[in-house]
Every structure is written in C-alpha cells, then in structure tokens.
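Observations on chain architecture
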Amino acid sequence: MKVEDFYFDLPEELIAQHPLEDRTSSRLMVLDRETGEVSHKHFYDVIEYFNEGDTLVLNNTRVLPARLIGQKEGTGGRIEFLLLKKVGEDLWECLSKPGKKAKPKARFTFGSGKLTAEVKEVLDNGNRIVKFYYEGLFENVLDDLGEMPLPPYIHETLDDKERYQTVYSKEKGSAAAPTAGLHFTEELLEKIKAKGVNVVYLTLHVGLGTFRPVKVENIEEHDMHSEYYVLSEETAKIINETKKRGNKVISVGTTSTRTLETVGDENGEVKEASGWTNIFIYPGYKFKVVDNLITNFHLPESTLIMLVSTLAGQGNVMKAYKTAVEEKYRFFSFGDAMFIK
C-alpha cells in the first residue's frame, strides 16, 4: 500500500491544544469494523461496550519530564536537551537544540547548577550521548527541573504536568504519553471493574519515534522504531483466560496493541515477556490477541493510523476520519477518542 492511502485533510483548528477539564467528557466515535457504521457518544459511555468477563488492557508507562533547558558553561548560551533513552549509568541519548553548541566535551548547567551535563559523543543520527552530574536521585532532579516533552503540534504550555499522564501511570520511561489512556479517571475504572471487567496493565515506554513520519512511498519499506515493553505473568494469565472463555480483549491505545501483538502467538496466547519491539502493523496483518481498540485520532499518513486501519479496515477508517473532520472532533494527544468494536 501507498502512504498516500492514509492521507486526509485536517484543518489546523481541530488539533487540540489543551486537555478538557473532565477527562471522560471527550467525545467518542464508535466505529463498527464489520459494517463501517459510526455513532457519536461521550467517553464515559464506553462502558456500554464492555461485557462481564472482558479484559481491558492499559499501558501504565509514565512520561518523564524529559525536556531540560539550560546554559552552556562559559558562554551562557541557551541549550535544550530532550532525554530519549538511558544508555548507561547517568548516560542518556538526547536530542539537542541547537546542535552546534552540543559538541563533545561541551558542558552545560541547569537550575543554577543543581544539574550539570557533558556531551560525551555525537551519534551518526545526530543525537548526543550526554553524562549528567547531580546530587541525590536523578528522578527527583528531573521532576524539579524538567518540562513535559509535549508533541510538536501542541504549541500551548501545559499548566498541570499530570494532565499529560494517565491516572494509572506508574513506570517511568516514556518520552510521550499513551494518549488513549488520558480519557480514563479512577472513578470510571472502578465502574468498569464493578461491571465484572478485568482491568490489567502492561508497560511500553513510548519513544519519540511514534511521531516520526513515514518517508517512503510504499509503507512496507518503512523502518519502524523500537520501544521497550514489559508484560507480567499475572496480566498474561488473565488475558489467556479471557480468550479461552470467548470474551474480548480490549486494548487501550496503539502502544498496548503493539505489545500484545508482539508477545502473542498464532493462537492468540500471550506469555510473560520483556524486551524491545519494532512491530509494524499495517493492512494485511492478522490480529492475534486484540479484539477491540480504544484510540485517539491520529496524524495523516502515520504508522498509528495504519495500525487502526488494519483492525477496522482502511476504507472504514478513512471514511470515519472524514466524518470526524466534518463533525469537528478534536484530534491528536489531547483530542477525542474512537472505539473500534
């Protein structure tokens, strides 16, 4: 298939710049993947589509406040580092801006010296390996000095850092939020459990590669980014029991979906596992584990809209997205949601 098969025209004013005050009040488009029919609800209605014995799978990763703004020692020039991946003891692979200031052996300071850094290496892709120096716990220093690495299409500042976290976020390590989960509140999750639905967690640390555009004409040639995942024995057991009963596995977000499809075998059985996945799900792929999907509205020509189109059908999804634009749904990270049944 061609990248252009996943293009749609999106007016800029539909890109949500801030989260709604009530997480569950986002709009919800329900897409029937068999018929292509859509209906319009609110997110708090999603519970109507869950049955006793179903299992809801959530990604409990937590976004690091990974954007650090400081000064170059000696000149005071402004520098911005975005932490991508820990590669050693106090060593991180980072994006740097402006790159010309971040040459090997260059040193930088943040928060009046509370944190300092030295560039150790420039990688082939232009990223830097940076060594950080501090006292105490790095996570605490980062919480104090770091900013949320909001996606490039969000231009407004975020007053409350927690609004770019799910209410169940736990395992720190993501450079971006698993945004489908932003719509849940603790109260809604309790109602879901009270209906007899299993609520389980896995971890996939979202990398900035999730925003990387597909630059090849034929999507089969796209080189997918890697992300680290963990699936526990307990979660695997509950998912397997769900499948055996004939109940549905409802995945929250493309990140949960990629993890489940990575570890699932041809019979849809999953097992405890951890590691790196670069699974690329595009039309032609046969889902093994996931039955239903909760997801946000994604960028045109992105790997995410390709994944959604694989589950619901490319024609159905593109038609649904056209409707979403006409109905002025809010798009991307802080936008509205879709439920594929």
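Residues numbered from 1 in each chain as written. Predicted model: local features only at pLDDT ≥ 70, side-chain atom pairs only at ≥ 80, totals over all residues. Heavy atoms only, no water.

Worth spelling out the cut-off: UniProt positions are given in the numbering used here, feature names are shortened, and annotations may be inferred rather than shown by experiment.
An unreviewed UniProt entry lists the chain under the name S-adenosylmethionine:tRNA ribosyltransferase-isomerase, from Clostridium intestinale URNW. Taken verbatim from the UniProt record of the chain, the Sequence similarities (unreviewed entry) comment is "Belongs to the QueA family."

1. A look at the overall build of the chain
The line we're drawing: Segments assigned H or I by DSSP are reported as helices when at least four residues long, segments assigned E as strands when at least two residues long, and all are numbered from the N terminus. What the globule rule says is 2.2 Å times the number of residues to the power 0.38, and the radius of gyration is computed from C-alpha atoms. Buried residues are those whose accessible area, probed at 1.4 Å on protein chains only, stays under 20% of the maximum for their type, while exposed residues exceed 50% and partly exposed ones sit between those limits. Should any heavy atoms of two residues lie within 4.5 Å, those residues are counted as being in contact.
When helices and strands are counted, the chain shows six helices and 17 strands. For the chain, whose C-alpha radius of gyration is 21 Å, the value lies close to the compact-globule estimate of 20 Å for 341 residues. Oriented by its inertia axes, the alpha-carbon framework of the chain measures out at about 65 × 45 × 40 Å. Among the 341 residues that make up the chain, the fraction classed as buried is 54%. When contacts within the chain are restricted to residue pairs at least 6 apart in sequence, long-range pairs at least 24 apart make up 69% of them.

2. A closer look at the pairing of strand E3 (residues 55–59)
So the rule is basically this: Two strands form a pair only when DSSP identifies at least two bridges running between them.
Here E3 lies mainly inside the structure; five of its five residues are buried. Side chains Thr55, Val57 and Asn59 of E3 all project onto a buried face; the interleaved residues Leu56 and Leu58 project onto the opposite face, where all are buried too. Here five bridges tie E3 to strand E12 (residues 198–204), and the two strands are oriented parallel to one another. When the sheet's bridge partners are listed, Asn59 is paired in E12 with Leu202. Alignment of E3 against strand E14 (residues 249–252), held across three bridges, turns out to be parallel. The residue of E14 that forms the bridge with Val57 is Ser251.

3. Quick notes on helix H6 (residues 314–326)
Basically, it comes down to this: The length a helix should cover is 1.5 Å for every residue beyond the first.
Taking 1.5 Å of rise per residue, the 13 residues of H6 would be expected to cover 18 Å, and the 18 Å separating its terminal C-alpha atoms lies within 8% of that figure. Taken together, the buried positions of H6 are Val317, Met318, Ala320, Tyr321, Thr323, Ala324 and Val325. Against strand E1 (27–31), strand E2 (38–42), strand E16 (292–296), helix H5 (303–312) and strand E17 (337–340) lie the buried residues of H6. One or two positions beyond H6, positive phi appears at Lys328, with a value near 60 degrees.

4. Digging into the domain arrangement of the chain
Note the cut-off: Where each domain starts and ends follows an automatic or database-derived domain assignment. By convention, the term buried area covers the 1.4 Å-probe accessible surface removed from two parts as they join, with the contributions of both added. In the sections that follow, a salt bridge refers to a side-chain nitrogen of Lys or Arg positioned within 4 Å of a carboxyl oxygen of Asp or Glu.
Partitioning the chain into domains gives domain 1 (3–63 + 160–340) and domain 2 (67–147). Its C-alpha centre places domain 1 at a distance of 32 Å from the equivalent point of domain 2. Domain 1 puts five residues into the contact, and the matching count from domain 2 is eight residues. Carbon and sulfur atoms supply 55% of the area that domain 1 and domain 2 bury against each other, a total of about 470 Å² over both sides. Sorting the residues of domain 1 by area buried against domain 2 places Lys161, Lys172 and Leu208 first, and these three jointly supply 75% of that buried surface. Applying the counting criterion to the domain 1 and domain 2 interface returns two salt bridges. Here Lys172 ties to Glu139 by a salt bridge, and the two come within 3.8 Å at their closest N and O atoms.

5. Examining the sheet that holds E1
Going by this rule: Axes, fitted as lines to C-alpha atoms, cover a helix only where it is in contact. Angles between the N-to-C directions of the axes lie from 0 to 180 degrees.
Spatial ordering of the open sheet is given by E2-E1-E17-E16-E14-E3-E12-E13-E15, a layout of nine strands whose pairing is mixed. The sheet is open, and its two edges are formed by E2 and strand E15 (273–277), each paired on a single side. Taking the axes of each pair of neighbouring strands and ignoring which way they run, one obtains an average angle of 25 degrees across the sheet. Across three bridges, the pairing between E14 and E16 is parallel. If you follow Ile250 over to E16, its bridge partner there is Asn292. Of the strands in this sheet, E1, E16 and E17 touch H5, which is tilted by about 150 degrees from E16.

6. Notes on the nonpolar core
As a rule of thumb, soluble globular proteins bury nonpolar side chains together. Test applied: Buried residues of nine kinds, namely Ala, Val, Leu, Ile, Met, Phe, Trp, Tyr and Cys, make up a nonpolar core once their side-chain atoms join them within 4.5 Å.
Counting 58 residues, the largest nonpolar core has Phe331 and Met338 as its most contacted members. Listed by contribution, the elements that provide at least two residues to this core are E1, E12, strand E13 (227–231), helix H3 (233–245), helix H4 (253–263), H5, H6 and E17. Beyond its immediate sequence surroundings of up to four residues, Phe331 is in contact with Phe8, Leu10, Leu14, Ile15, Ala16, Phe297, His298, Tyr321, Ala324 and Val325. The next biggest cluster of nonpolar side chains, apart from the first, holds 22 residues, and it includes Phe50, Tyr168, Val199 and Ala337.

7. Details of the packing of aromatic side chains
Centre distance and the angle of the planes are the two values used to describe a pair of aromatic rings. Defined as follows: Working definition: a ring pair exists when centres of Phe, Tyr or Trp rings (six-membered ring for Trp) sit within 6.5 Å. Plane angles under 30 degrees give stacked, over 60 give edge-to-face, the rest tilted.
For the structure shown, the criterion picks out 21 aromatic pairs. Summarising the aromatic geometry, the rings of Phe43 and Phe184 are spaced 5.0 Å apart at their centres and angled 85 degrees between planes, so their arrangement reads as edge-to-face. Of the two residues, Phe43 sits in the loop between E2 and E3 while Phe184 sits in the loop between strand E11 (171–174) and helix H2 (186–194), which places them 141 residues apart along the sequence. A single burial state applies to Phe43 and to Phe184, both of which are buried. When the centroid spacing of 6.0 Å and the interplanar angle of 70 degrees are considered together, the rings of Tyr321 and Phe331 count as edge-to-face. Note that Tyr321 is positioned in helix H6 and Phe331 in the loop between H6 and E17, a separation of 10 residues in sequence. Each member of the pair, Tyr321 together with Phe331, is buried.

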